[in-house]
Amino acid sequence: MINAAMLRRPATSSLRMVANRATSSTIRPMGRHHPMRLRSITTRQHPLPITGHRKIHRENASAALGTIINKRSKSSGAAAASMEFDDDDTTATTTYVSSTADDLATARTRQEAWMVNLNRGDNEWLTGPRTNEWYTGKSPKHCPGADSHGVLRSLPLPNLSNVTRQAALEYFDNSWTLFEMLFAGLKGEEPFYRPPVHGLRHPQIFYYGHTPCLYINKLRVAGVLEKPVNAYFESIFEVGVDEMLWDDMHKNDMVWPKVSEVYEYRKDVYDTIVDAIKTHPCLDDKGGAEPVTVNQDHPMWALFMGFEHERIHLETSSVLFRETPIELVQTPAHFPTLHPSVYNTTSKATQPVQGEDFPANQMIAVKGKDIKLGKPLDFPSYGWDNEYGERTMNVPDFYASEHMVTNGEFWQFVADGGYRNEKYWCEDGWAWRTHRNLKWPFFWKQVGPAGSHEYGLRTIFEEVPMRWDWPVDVTYYESKAFCKYKSERDGSPTSKPYR
(Lines give C-alpha, C1' and ligand atoms only; values in the text may rest on other atoms or scores of the structure.)
Protein backbone atom coordinates (compact mmCIF):
# COMPACT_ATOMS: atom_id res chain seq x y z
CA MET A 1 0.00 0.00 0.00
CA ILE A 2 1.23 3.51 -0.77
CA ASN A 3 0.62 5.86 2.14
CA ALA A 4 0.84 9.62 2.35
CA ALA A 5 4.30 9.52 3.84
CA MET A 6 5.65 7.50 0.93
CA LEU A 7 4.15 9.98 -1.53
CA ARG A 8 6.00 12.80 0.20
CA ARG A 9 9.26 10.88 0.15
CA PRO A 10 9.69 9.06 -3.16
CA ALA A 11 10.89 5.51 -2.67
CA THR A 12 13.76 4.43 -4.84
CA SER A 13 12.74 1.08 -6.20
CA SER A 14 13.12 -1.51 -8.87
CA LEU A 15 10.17 -1.80 -11.14
CA ARG A 16 8.03 -4.61 -12.30
CA MET A 17 5.12 -3.94 -14.60
CA VAL A 18 1.77 -5.56 -14.06
CA ALA A 19 -1.51 -5.48 -15.90
CA ASN A 20 -4.37 -6.68 -13.75
CA ARG A 21 -7.63 -7.73 -15.29
CA ALA A 22 -9.77 -6.58 -12.41
CA THR A 23 -8.09 -3.84 -10.42
CA SER A 24 -7.40 -0.18 -10.98
CA SER A 25 -3.97 1.07 -11.97
CA THR A 26 -1.52 1.82 -9.17
CA ILE A 27 2.22 1.52 -8.62
CA ARG A 28 3.37 -0.62 -5.75
CA PRO A 29 7.02 -0.42 -4.69
CA MET A 30 8.31 -3.95 -4.13
CA GLY A 31 10.49 -3.33 -1.11
CA ARG A 32 11.30 -0.75 1.54
CA HIS A 33 12.09 2.86 0.76
CA HIS A 34 15.28 2.14 -1.20
CA PRO A 35 16.24 0.92 -4.60
CA MET A 36 13.83 -1.83 -5.40
CA ARG A 37 14.21 -3.97 -8.46
CA LEU A 38 11.68 -3.03 -11.07
CA ARG A 39 9.44 -5.47 -12.84
CA SER A 40 6.50 -4.81 -15.12
CA ILE A 41 3.16 -6.33 -14.21
CA THR A 42 -0.13 -5.78 -16.00
CA THR A 43 -3.58 -6.51 -14.07
CA ARG A 44 11.44 13.28 17.53
CA GLN A 45 13.22 12.91 19.40
CA HIS A 46 14.73 16.48 19.64
CA PRO A 47 18.50 16.62 20.28
CA LEU A 48 19.39 17.14 23.90
CA PRO A 49 21.31 20.28 24.78
CA ILE A 50 25.05 19.86 24.96
CA THR A 51 25.29 19.69 28.72
CA GLY A 52 26.43 17.34 31.44
CA HIS A 53 29.14 14.78 30.80
CA ARG A 54 28.59 14.92 27.04
CA LYS A 55 29.87 18.43 26.36
CA ILE A 56 31.22 18.25 22.83
CA HIS A 57 33.77 20.92 22.10
CA ARG A 58 31.48 23.80 23.02
CA GLU A 59 34.14 26.41 22.34
CA ASN A 60 35.00 24.99 18.91
CA ALA A 61 31.33 24.70 18.03
CA SER A 62 30.62 28.27 19.03
CA ALA A 63 33.52 29.57 16.99
CA ALA A 64 32.46 27.59 13.95
CA LEU A 65 28.82 28.62 14.29
CA GLY A 66 29.92 32.23 14.02
CA THR A 67 30.83 31.64 10.38
CA ILE A 68 27.58 30.00 9.39
CA ILE A 69 25.09 31.77 7.20
CA ASN A 70 21.75 31.28 8.87
CA LYS A 71 20.11 29.73 5.88
CA ARG A 72 19.91 26.10 4.86
CA SER A 73 20.55 25.06 1.31
CA LYS A 74 21.11 21.83 -0.54
CA SER A 75 24.65 20.56 -0.70
CA SER A 76 26.29 20.09 -4.06
CA GLY A 77 28.66 17.32 -4.97
CA ALA A 78 32.06 17.73 -6.51
CA ALA A 79 32.53 21.47 -6.58
CA ALA A 80 31.10 24.61 -5.07
CA ALA A 81 30.49 27.88 -6.88
CA SER A 82 29.34 31.37 -5.89
CA MET A 83 27.86 34.16 -8.00
CA GLU A 84 28.89 37.76 -7.28
CA PHE A 85 27.16 40.75 -8.88
CA ASP A 86 28.58 44.25 -9.19
CA ASP A 87 26.23 46.90 -7.84
CA ASP A 88 26.56 48.91 -11.06
CA ASP A 89 25.86 46.19 -13.56
CA THR A 90 24.36 42.75 -13.93
CA THR A 91 27.49 40.87 -14.92
CA ALA A 92 27.96 37.78 -12.81
CA THR A 93 31.36 36.50 -11.75
CA THR A 94 31.51 32.82 -10.93
CA THR A 95 34.18 31.58 -8.55
CA TYR A 96 34.83 27.84 -8.46
CA VAL A 97 36.64 26.08 -5.68
CA SER A 98 38.52 22.80 -5.63
CA SER A 99 36.57 19.60 -6.29
CA THR A 100 38.79 17.32 -4.25
CA ALA A 101 37.50 15.77 -1.06
CA ASP A 102 40.29 17.26 1.05
CA ASP A 103 39.85 20.80 -0.28
CA LEU A 104 36.07 20.72 -0.01
CA ALA A 105 36.38 20.60 3.77
CA THR A 106 38.31 23.87 3.92
CA ALA A 107 37.85 25.85 0.69
CA ARG A 108 34.18 26.80 0.23
CA THR A 109 32.30 29.77 -1.10
CA ARG A 110 29.54 29.41 1.47
CA GLN A 111 29.02 27.81 4.82
CA GLU A 112 26.13 25.53 5.71
CA ALA A 113 24.96 24.73 9.20
CA TRP A 114 26.14 21.10 9.22
CA MET A 115 29.74 22.21 8.50
CA VAL A 116 30.16 23.10 12.18
CA ASN A 117 31.06 19.42 12.59
CA LEU A 118 34.09 19.54 10.28
CA ASN A 119 37.77 20.12 11.06
CA ARG A 120 37.70 18.67 14.57
CA GLY A 121 40.70 16.39 14.14
CA ASP A 122 39.27 13.23 12.57
CA ASN A 123 39.78 13.91 8.86
CA GLU A 124 43.31 12.48 8.51
CA TRP A 125 42.32 9.29 10.34
CA LEU A 126 39.31 8.80 8.08
CA THR A 127 41.00 9.57 4.75
CA GLY A 128 42.30 6.60 2.81
CA PRO A 129 41.81 2.86 3.26
CA ARG A 130 40.95 1.69 6.78
CA THR A 131 43.28 -0.59 8.69
CA ASN A 132 42.05 -3.36 10.98
CA GLU A 133 42.01 -0.78 13.79
CA TRP A 134 38.84 0.65 12.24
CA TYR A 135 36.91 -2.44 13.31
CA THR A 136 35.62 -2.38 16.88
CA GLY A 137 34.83 -6.11 16.73
CA LYS A 138 36.40 -8.66 14.41
CA SER A 139 38.17 -7.58 11.24
CA PRO A 140 36.51 -8.76 8.00
CA LYS A 141 39.21 -11.30 7.15
CA HIS A 142 38.81 -13.03 10.52
CA CYS A 143 35.07 -12.64 10.88
CA PRO A 144 32.47 -15.42 10.55
CA GLY A 145 31.25 -15.25 6.96
CA ALA A 146 34.63 -14.49 5.35
CA ASP A 147 35.21 -16.65 2.27
CA SER A 148 38.48 -18.21 1.07
CA HIS A 149 39.43 -14.95 -0.66
CA GLY A 150 38.89 -12.84 2.46
CA VAL A 151 35.61 -11.35 1.16
CA LEU A 152 33.05 -10.94 3.92
CA ARG A 153 29.55 -12.21 3.14
CA SER A 154 26.36 -12.52 5.14
CA LEU A 155 25.69 -15.62 7.19
CA PRO A 156 22.36 -17.46 6.76
CA LEU A 157 19.40 -16.34 8.88
CA PRO A 158 19.54 -17.95 12.35
CA ASN A 159 17.06 -20.67 13.32
CA LEU A 160 15.52 -19.40 16.57
CA SER A 161 14.30 -22.84 17.58
CA ASN A 162 17.89 -24.01 17.93
CA VAL A 163 20.03 -21.16 19.34
CA THR A 164 23.45 -21.65 20.92
CA ARG A 165 25.71 -19.01 22.41
CA GLN A 166 28.26 -19.70 19.68
CA ALA A 167 25.74 -19.35 16.84
CA ALA A 168 24.37 -16.10 18.28
CA LEU A 169 27.89 -14.72 18.73
CA GLU A 170 28.90 -15.59 15.17
CA TYR A 171 25.80 -13.96 13.70
CA PHE A 172 26.35 -10.86 15.84
CA ASP A 173 29.97 -10.59 14.71
CA ASN A 174 28.95 -11.04 11.08
CA SER A 175 26.26 -8.34 11.29
CA TRP A 176 28.45 -5.91 13.25
CA THR A 177 31.48 -6.18 10.98
CA LEU A 178 29.43 -6.03 7.76
CA PHE A 179 28.04 -2.71 8.96
CA GLU A 180 31.45 -1.30 9.88
CA MET A 181 32.89 -2.53 6.59
CA LEU A 182 30.27 -0.50 4.73
CA PHE A 183 31.21 2.59 6.75
CA ALA A 184 34.87 2.04 5.86
CA GLY A 185 33.68 3.27 2.45
CA LEU A 186 33.32 6.88 3.64
CA LYS A 187 36.38 8.95 2.74
CA GLY A 188 37.23 11.63 5.29
CA GLU A 189 34.98 13.18 7.92
CA GLU A 190 32.74 15.14 5.55
CA PRO A 191 30.50 12.27 4.37
CA PHE A 192 29.74 11.41 7.99
CA TYR A 193 28.15 14.84 8.51
CA ARG A 194 26.93 15.97 5.07
CA PRO A 195 23.12 15.58 4.93
CA PRO A 196 21.72 13.60 1.99
CA VAL A 197 21.04 15.67 -1.12
CA HIS A 198 17.27 15.24 -0.68
CA GLY A 199 17.37 16.25 2.98
CA LEU A 200 15.05 13.41 4.00
CA ARG A 201 17.43 11.38 6.13
CA HIS A 202 19.98 12.14 8.82
CA PRO A 203 23.71 12.30 8.08
CA GLN A 204 25.66 9.06 8.33
CA ILE A 205 27.11 9.88 11.74
CA PHE A 206 23.61 9.27 13.12
CA TYR A 207 23.38 5.79 11.61
CA TYR A 208 26.94 4.96 12.69
CA GLY A 209 25.76 5.48 16.28
CA HIS A 210 22.14 4.40 15.85
CA THR A 211 22.58 0.65 15.39
CA PRO A 212 24.69 0.08 18.54
CA CYS A 213 22.33 2.38 20.46
CA LEU A 214 19.34 0.18 19.60
CA TYR A 215 21.07 -2.95 20.90
CA ILE A 216 21.60 -1.30 24.28
CA ASN A 217 18.19 0.33 24.62
CA LYS A 218 16.20 -2.75 23.61
CA LEU A 219 18.24 -5.11 25.78
CA ARG A 220 17.66 -2.77 28.71
CA VAL A 221 13.91 -2.83 28.07
CA ALA A 222 14.07 -6.65 27.91
CA GLY A 223 15.87 -6.78 31.25
CA VAL A 224 19.09 -8.27 29.86
CA LEU A 225 21.12 -5.12 30.62
CA GLU A 226 20.74 -3.01 33.74
CA LYS A 227 22.28 0.31 32.75
CA PRO A 228 23.22 2.44 29.73
CA VAL A 229 26.64 2.44 28.11
CA ASN A 230 26.42 6.17 27.33
CA ALA A 231 23.11 7.79 28.28
CA TYR A 232 23.64 10.88 26.12
CA PHE A 233 24.46 8.87 23.00
CA GLU A 234 21.54 6.55 23.71
CA SER A 235 19.22 9.54 23.54
CA ILE A 236 20.50 11.43 20.49
CA PHE A 237 21.00 8.23 18.47
CA GLU A 238 17.77 6.56 19.54
CA VAL A 239 15.13 7.82 17.08
CA GLY A 240 15.58 8.39 13.36
CA VAL A 241 13.25 10.07 10.89
CA ASP A 242 9.55 9.86 11.70
CA GLU A 243 7.94 9.77 8.26
CA MET A 244 4.53 10.67 9.68
CA LEU A 245 5.71 13.93 11.29
CA TRP A 246 8.75 15.21 9.38
CA ASP A 247 9.51 17.63 12.21
CA ASP A 248 12.86 16.23 13.30
CA MET A 249 15.15 17.08 10.39
CA HIS A 250 16.68 19.98 12.32
CA LYS A 251 18.93 17.35 13.91
CA ASN A 252 20.90 17.38 10.66
CA ASP A 253 22.43 20.72 11.65
CA MET A 254 23.21 19.94 15.28
CA VAL A 255 26.71 19.57 16.70
CA TRP A 256 27.21 15.81 16.50
CA PRO A 257 29.82 13.83 18.39
CA LYS A 258 33.11 13.32 16.60
CA VAL A 259 33.50 10.12 14.61
CA SER A 260 36.28 9.05 16.96
CA GLU A 261 33.93 9.48 19.95
CA VAL A 262 31.25 7.31 18.34
CA TYR A 263 33.97 4.81 17.43
CA GLU A 264 34.88 4.50 21.12
CA TYR A 265 31.20 4.12 21.97
CA ARG A 266 30.88 1.29 19.47
CA LYS A 267 33.84 -0.48 21.11
CA ASP A 268 32.11 -0.30 24.48
CA VAL A 269 28.81 -1.53 23.05
CA TYR A 270 30.50 -4.40 21.25
CA ASP A 271 32.13 -5.61 24.47
CA THR A 272 28.82 -5.26 26.34
CA ILE A 273 26.85 -7.33 23.81
CA VAL A 274 29.52 -10.03 23.55
CA ASP A 275 29.52 -10.36 27.33
CA ALA A 276 25.72 -10.67 27.40
CA ILE A 277 25.75 -13.40 24.74
CA LYS A 278 28.49 -15.35 26.53
CA THR A 279 27.22 -15.06 30.09
CA HIS A 280 23.53 -14.21 30.38
CA PRO A 281 21.67 -17.17 31.92
CA CYS A 282 18.75 -16.98 29.47
CA LEU A 283 21.09 -18.28 26.73
CA ASP A 284 22.47 -21.13 28.82
CA ASP A 285 22.84 -23.95 26.27
CA LYS A 286 24.87 -26.30 28.51
CA GLY A 287 27.99 -25.76 26.44
CA GLY A 288 26.12 -26.16 23.17
CA ALA A 289 24.54 -29.49 24.12
CA GLU A 290 21.07 -28.04 24.76
CA PRO A 291 20.21 -25.21 22.32
CA VAL A 292 17.48 -22.82 23.49
CA THR A 293 14.38 -21.53 21.70
CA VAL A 294 14.14 -17.76 21.35
CA ASN A 295 10.59 -16.53 20.82
CA GLN A 296 8.76 -13.27 21.47
CA ASP A 297 8.60 -14.00 25.20
CA HIS A 298 12.34 -14.65 25.48
CA PRO A 299 14.58 -11.79 26.73
CA MET A 300 17.03 -12.34 23.87
CA TRP A 301 14.31 -11.64 21.31
CA ALA A 302 15.66 -8.10 21.65
CA LEU A 303 19.12 -9.30 20.58
CA PHE A 304 17.75 -10.76 17.35
CA MET A 305 15.76 -7.57 16.83
CA GLY A 306 19.12 -5.79 16.93
CA PHE A 307 20.50 -8.15 14.28
CA GLU A 308 17.58 -7.54 11.92
CA HIS A 309 17.61 -3.80 12.58
CA GLU A 310 21.34 -3.59 11.82
CA ARG A 311 20.84 -5.40 8.51
CA ILE A 312 17.98 -3.09 7.57
CA HIS A 313 20.36 -0.16 8.02
CA LEU A 314 23.06 -1.99 6.07
CA GLU A 315 20.63 -1.79 3.16
CA THR A 316 19.31 1.74 3.73
CA SER A 317 22.72 3.27 4.41
CA SER A 318 24.12 1.67 1.26
CA VAL A 319 21.54 3.67 -0.72
CA LEU A 320 22.59 6.87 1.05
CA PHE A 321 26.21 6.01 0.23
CA ARG A 322 25.20 5.62 -3.42
CA GLU A 323 23.74 9.14 -3.29
CA THR A 324 26.93 10.57 -1.78
CA PRO A 325 29.31 12.47 -4.12
CA ILE A 326 31.69 9.95 -5.66
CA GLU A 327 34.81 11.73 -4.39
CA LEU A 328 33.66 11.15 -0.80
CA VAL A 329 33.49 7.35 -0.99
CA GLN A 330 35.96 4.52 -1.53
CA THR A 331 35.59 0.76 -1.98
CA PRO A 332 36.44 -0.94 1.32
CA ALA A 333 38.85 -3.85 1.43
CA HIS A 334 37.08 -7.23 1.71
CA PHE A 335 33.83 -5.78 0.28
CA PRO A 336 32.18 -8.04 -2.33
CA THR A 337 32.97 -7.03 -5.90
CA LEU A 338 30.38 -6.02 -8.46
CA HIS A 339 28.85 -8.62 -10.76
CA PRO A 340 31.47 -9.95 -13.22
CA SER A 341 29.45 -8.63 -16.18
CA VAL A 342 30.78 -5.16 -15.36
CA TYR A 343 34.34 -6.28 -16.09
CA ASN A 344 33.89 -9.11 -18.61
CA THR A 345 31.99 -7.30 -21.33
CA THR A 346 31.97 -3.95 -23.05
CA SER A 347 28.87 -1.80 -22.90
CA LYS A 348 27.95 1.12 -25.10
CA ALA A 349 26.78 4.32 -23.49
CA THR A 350 23.66 4.94 -25.58
CA GLN A 351 21.16 3.48 -28.07
CA PRO A 352 20.76 0.07 -26.41
CA VAL A 353 19.22 -2.59 -28.63
CA GLN A 354 16.71 -5.12 -27.35
CA GLY A 355 18.01 -8.66 -27.80
CA GLU A 356 21.61 -7.46 -27.91
CA ASP A 357 22.11 -5.14 -24.94
CA PHE A 358 19.11 -6.19 -22.86
CA PRO A 359 16.59 -9.04 -23.08
CA ALA A 360 13.08 -8.84 -24.47
CA ASN A 361 10.62 -8.72 -21.62
CA GLN A 362 7.44 -10.53 -22.56
CA MET A 363 4.31 -10.49 -20.43
CA ILE A 364 3.41 -13.87 -18.96
CA ALA A 365 -0.11 -14.87 -17.93
CA VAL A 366 -0.48 -15.77 -14.25
CA LYS A 367 -3.56 -17.63 -13.07
CA GLY A 368 -5.32 -16.01 -10.13
CA LYS A 369 -5.90 -17.80 -6.83
CA ASP A 370 -6.35 -17.26 -3.10
CA ILE A 371 -3.12 -16.25 -1.34
CA LYS A 372 -2.65 -16.70 2.40
CA LEU A 373 -0.59 -13.94 4.02
CA GLY A 374 1.02 -13.84 7.46
CA LYS A 375 3.54 -15.69 9.56
CA PRO A 376 2.74 -17.94 12.54
CA LEU A 377 3.93 -16.84 15.97
CA ASP A 378 6.14 -19.91 16.32
CA PHE A 379 7.99 -19.38 13.03
CA PRO A 380 11.70 -19.76 13.93
CA SER A 381 12.98 -16.39 12.73
CA TYR A 382 12.73 -12.84 14.03
CA GLY A 383 9.71 -10.91 12.76
CA TRP A 384 8.30 -7.40 13.05
CA ASP A 385 4.75 -6.93 14.28
CA ASN A 386 3.25 -6.47 10.81
CA GLU A 387 4.53 -9.88 9.66
CA TYR A 388 2.21 -11.81 11.98
CA GLY A 389 -1.47 -12.64 11.83
CA GLU A 390 -3.33 -14.27 8.97
CA ARG A 391 -5.18 -12.90 5.99
CA THR A 392 -6.42 -14.51 2.80
CA MET A 393 -6.57 -12.43 -0.38
CA ASN A 394 -8.04 -13.36 -3.73
CA VAL A 395 -5.63 -12.39 -6.51
CA PRO A 396 -7.32 -12.24 -9.93
CA ASP A 397 -5.69 -13.35 -13.17
CA PHE A 398 -2.94 -11.01 -14.29
CA TYR A 399 0.09 -10.70 -16.56
CA ALA A 400 3.60 -10.13 -15.20
CA SER A 401 6.77 -9.23 -17.04
CA GLU A 402 9.24 -12.08 -17.38
CA HIS A 403 12.10 -9.92 -16.06
CA MET A 404 12.42 -6.84 -13.95
CA VAL A 405 12.40 -3.70 -16.07
CA THR A 406 15.95 -3.12 -17.27
CA ASN A 407 17.97 0.03 -17.79
CA GLY A 408 17.66 -0.67 -21.51
CA GLU A 409 13.87 -0.65 -21.43
CA PHE A 410 13.82 2.49 -19.31
CA TRP A 411 16.27 4.26 -21.63
CA GLN A 412 13.56 4.52 -24.30
CA PHE A 413 11.31 6.38 -21.88
CA VAL A 414 14.14 8.81 -21.13
CA ALA A 415 15.13 9.26 -24.79
CA ASP A 416 11.50 9.81 -25.81
CA GLY A 417 11.26 12.77 -23.46
CA GLY A 418 9.42 11.05 -20.64
CA TYR A 419 11.02 13.30 -18.03
CA ARG A 420 9.91 16.41 -19.94
CA ASN A 421 6.31 15.35 -20.57
CA GLU A 422 3.99 16.15 -17.69
CA LYS A 423 1.19 13.96 -19.02
CA TYR A 424 2.96 10.81 -17.79
CA TRP A 425 3.34 12.03 -14.23
CA CYS A 426 0.95 12.33 -11.31
CA GLU A 427 0.70 15.78 -9.72
CA ASP A 428 3.00 14.98 -6.81
CA GLY A 429 5.41 13.16 -9.11
CA TRP A 430 5.74 16.09 -11.48
CA ALA A 431 6.26 18.48 -8.58
CA TRP A 432 9.00 16.20 -7.24
CA ARG A 433 10.66 15.82 -10.67
CA THR A 434 10.71 19.55 -11.33
CA HIS A 435 11.92 20.32 -7.80
CA ARG A 436 14.84 17.92 -8.25
CA ASN A 437 15.25 18.92 -11.93
CA LEU A 438 15.71 15.27 -12.85
CA LYS A 439 16.05 14.36 -16.51
CA TRP A 440 16.97 10.70 -16.06
CA PRO A 441 17.26 8.27 -13.10
CA PHE A 442 19.40 9.60 -10.27
CA PHE A 443 21.91 6.74 -10.45
CA TRP A 444 22.48 7.20 -14.19
CA LYS A 445 25.47 9.45 -14.84
CA GLN A 446 25.68 11.56 -17.99
CA VAL A 447 28.86 10.74 -19.93
CA GLY A 448 28.18 12.59 -23.20
CA PRO A 449 26.86 15.96 -24.38
CA ALA A 450 23.35 17.05 -23.50
CA GLY A 451 20.83 15.37 -25.74
CA SER A 452 23.09 12.43 -26.64
CA HIS A 453 21.52 10.26 -23.93
CA GLU A 454 24.84 8.64 -23.10
CA TYR A 455 25.01 7.30 -19.58
CA GLY A 456 27.16 5.44 -17.11
CA LEU A 457 25.94 3.90 -13.86
CA ARG A 458 26.66 4.81 -10.26
CA THR A 459 26.99 1.88 -7.86
CA ILE A 460 27.62 2.25 -4.12
CA PHE A 461 31.30 3.09 -4.44
CA GLU A 462 32.02 3.29 -8.19
CA GLU A 463 30.88 4.76 -11.47
CA VAL A 464 30.93 2.03 -14.12
CA PRO A 465 29.90 1.65 -17.78
CA MET A 466 26.13 1.34 -18.14
CA ARG A 467 24.73 -2.16 -17.86
CA TRP A 468 21.57 -2.07 -19.97
CA ASP A 469 20.58 -5.58 -18.89
CA TRP A 470 20.57 -4.74 -15.17
CA PRO A 471 17.31 -3.80 -13.40
CA VAL A 472 16.71 -0.06 -13.33
CA ASP A 473 16.65 1.62 -9.90
CA VAL A 474 14.03 4.37 -9.81
CA THR A 475 11.50 5.97 -7.48
CA TYR A 476 7.80 5.32 -7.15
CA TYR A 477 7.04 8.44 -9.18
CA GLU A 478 9.35 7.42 -12.01
CA SER A 479 7.90 3.90 -11.99
CA LYS A 480 4.38 5.24 -12.30
CA ALA A 481 5.31 7.60 -15.14
CA PHE A 482 7.08 4.80 -17.02
CA CYS A 483 4.04 2.54 -16.75
CA LYS A 484 1.77 5.23 -18.15
CA TYR A 485 4.20 5.80 -21.02
CA LYS A 486 4.44 2.06 -21.65
CA SER A 487 0.65 1.66 -21.71
CA GLU A 488 0.32 4.51 -24.20
CA ARG A 489 3.14 3.34 -26.47
CA ASP A 490 2.69 -0.44 -26.51
CA GLY A 491 -0.79 -1.04 -25.17
CA SER A 492 -1.62 -3.64 -22.54
CA PRO A 493 -2.53 -7.32 -22.95
CA THR A 494 -5.65 -6.55 -20.90
CA SER A 495 -8.04 -3.62 -20.75
CA LYS A 496 -6.12 -2.23 -17.79
CA PRO A 497 -2.93 -0.13 -18.01
CA TYR A 498 0.43 -1.27 -16.73
CA ARG A 499 1.25 -0.66 -13.13
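Residues numbered from 1 in each chain as written. Predicted model: local features only at pLDDT ≥ 70, side-chain atom pairs only at ≥ 80, totals over all residues. Heavy atoms only, no water.

### Considering the overall build of the protein
Counted only if it meets this: Numbering goes from the N terminus for both helices and strands, where a helix is a DSSP run of H or I of at least four residues and a strand is a run of E of at least two. We call a residue buried when its accessible area falls under 20% of the maximum for its residue type, exposed when it is over 50%, and partly exposed in between, using a 1.4 Å probe and counting protein chains only. Where accessible areas are quoted, they stem from the Shrake-Rupley method and a 1.4 Å probe; at the residue level, only the protein chains shown are allowed to cover.
The helix and strand inventory of the protein stands at 14 helices and 12 strands. Per-residue burial for the protein yields a buried fraction of 49% across its 499 residues. Of the accessible surface of the protein, which amounts to about 24000 Å², a share of 50% is contributed by carbon and sulfur atoms.

### Looking at the sheet that holds strand S9 (residues 444–446)
The condition that has to hold: The pairing criterion for strands is at least two bridges between them, as found by DSSP. Axes, fitted as lines to C-alpha atoms, cover a helix only where it is in contact. Angles between the N-to-C directions of the axes lie from 0 to 180 degrees.
Here three strands make up an open sheet; going across it, the order is S9-S10-S11 and the pairing antiparallel. Looking at which strands have only one partner, the edges of the open sheet turn out to be S9 and strand S11 (463–465). Within this sheet the neighbouring strands show an average axis-to-axis angle of 45°, counted without direction. As judged from the three bridges shared by strand S10 (residues 455–458) and S11, these two strands associate in the antiparallel manner.

### Thoughts on the packing of helix H5 (residues 165–183) against helix H10 (residues 301–323)
Packed helices, taken two at a time, are described by the angle between their axes plus the distance between the axes. Selection rule: The cut-offs work like this: below 35 degrees is roughly parallel, past 145 is roughly antiparallel, 65 to 115 is roughly perpendicular, and the gaps in between are oblique. If you view the pair so one helix is near and one far, a crossing is left-handed when the near helix is turned anticlockwise from the far one by less than a right angle, and right-handed when it is turned clockwise. Residues count as neighbours in contact if any of their non-hydrogen atoms are within 4.5 Å of one another.
The contact between H5 and H10 brings their axes to 10 Å, and the two run at 20°. It follows that H5 is roughly parallel to H10 by the angle criterion. When the axes of H5 and H10 are compared, the crossing they make is left-handed. Between H5, through Ala168, Tyr171, Phe172, Asn174, Ser175, Trp176, Leu178, Phe179, Leu182 and Phe183, and H10, the contact on the second element is made entirely by Leu303, Phe304, Phe307, Glu310, Arg311, His313, Leu314, Ser317, Ser318 and Phe321.

### Considerations on the pattern of salt bridges
The test is simple: By salt bridge we mean one thing: a side-chain nitrogen of Lys or Arg within 4 Å of a carboxyl oxygen of Asp or Glu.
For the structure shown, the criterion picks out 13 salt bridges. Between Glu180 and Arg266 there is a salt bridge whose closest N-O contact spans 2.7 Å. Within this pair, whereas Glu180 is found in helix H5, its partner Arg266 is found in helix H9 (residues 259–279), the two being separated by 86 residues in sequence. One salt bridge in this structure joins Lys367 and Asp397, with 3.8 Å as the shortest N-O distance. In this pair, Lys367 is assigned in the loop between strand S5 (363–366) and strand S6 (369–373) and Asp397 in the loop between strand S7 (391–395) and strand S8 (398–404), connecting sequence segments 30 residues apart. Assessed through its relative accessible area of 67%, Lys367 is described here as exposed. On the basis of relative accessibility, which here comes to 24%, the residue Asp397 falls in the partly exposed class.

### Quick word on the packing of aromatic side chains
The description of two aromatic rings rests on the distance between their centres and on the angle between their planes. Rule in force here: Only rings of Phe, Tyr and Trp enter the pairing, Trp through its six-membered ring, and a pair is recorded when the two centres are within 6.5 Å. The plane angle decides the type: under 30 degrees is stacked, over 60 is edge-to-face, the rest tilted.
Considering all chains together, one arrives at 48 aromatic pairs under this definition. The interplanar angle of 90° and the centroid separation of 5.5 Å between the aromatic rings of Phe172 and Tyr215 together place this pair among those described as edge-to-face. A residue pair is termed long-range when its members are at least 10 positions apart, and Phe172 in helix H5 and Tyr215 in helix H7 (residues 204–221) qualify at 43 residues. Here Phe172 falls in the buried class, since its relative accessible area comes to 0%. For Tyr215, a relative accessible area of 0% gives the class buried. Centroid distance Trp432 to Tyr477: 5.7 Å. Interplanar angle 45°. Geometry classified as tilted.

### Examining the packing of H7 against H10
The criterion, for reference: Residue polarity is assigned by list, with Asp, Glu, Lys and Arg as charged and Ala, Val, Leu, Ile, Met, Phe, Trp, Tyr, Cys and Pro as nonpolar; anything else, Gly included, falls into the polar class.
Packing of H7 against H10 brings their axes to within 9 Å, and their N-to-C directions diverge by 170°. Compared by their axis directions, H7 and H10 come out roughly antiparallel. In this structure, H7 uses Gln204, Tyr207, His210, Thr211, Leu214, Tyr215, Lys218 and Leu219 to contact H10, whose residues at the interface are Ala302, Leu303, Met305, Gly306, Phe307, His309, Glu310, His313, Ser317, Leu320 and Phe321. Grouping the constituent residues of the contact of H7 with H10 by class yields 10 nonpolar, seven polar and two charged.

### Considering helix H14 (residues 476–490)
For the record, the criterion: Expected helix span is computed as 1.5 Å times (number of residues minus one).
Under the 1.5 Å per step criterion, the end-to-end length of H14 is 21 Å for 15 residues, consistent within 8% with the ideal 21 Å. Those residues of H14 not exposed but buried are Tyr476, Tyr477, Glu478, Ser479, Ala481, Phe482, Cys483, Tyr485, Lys486 and Ser487. Residue Gly491 follows H14 closely and has a positive phi angle near 75°.

### Observations regarding unusual backbone geometry
The phi dihedral of Asn437 is positive, around 55°, even though this residue is not glycine. Inspection of the secondary structure puts Asn437 in the loop between helix H13 (427–436) and S9.

### Considering the side chain of Asn217
With respect to the helices, strands and loops of the structure, Asn217 is situated in helix H7. Asn217 sits in the buried class, given a relative accessible area of 13%. What Asn217 contacts, discounting residues up to four positions off in sequence, is Glu234 and Glu238.

### Re the nonpolar core
Worth spelling out the cut-off: As used in this record, nonpolar core signifies buried Ala, Val, Leu, Ile, Met, Phe, Trp, Tyr and Cys residues forming a set joined through side-chain atoms within 4.5 Å.
Core analysis: the biggest nonpolar cluster contains 68 residues, and Phe172, Phe183, Phe192, Tyr208, Ile273, Leu303 and Phe304 have the highest contact counts within it. The set of elements that each furnish at least two residues to this core consists of H5, helix H6 (190–193), H7, helix H8 (233–236), H9 and H10. Residues Trp430, Tyr476, Phe482 and Tyr485 belong to the second largest nonpolar core, which totals 27 residues.

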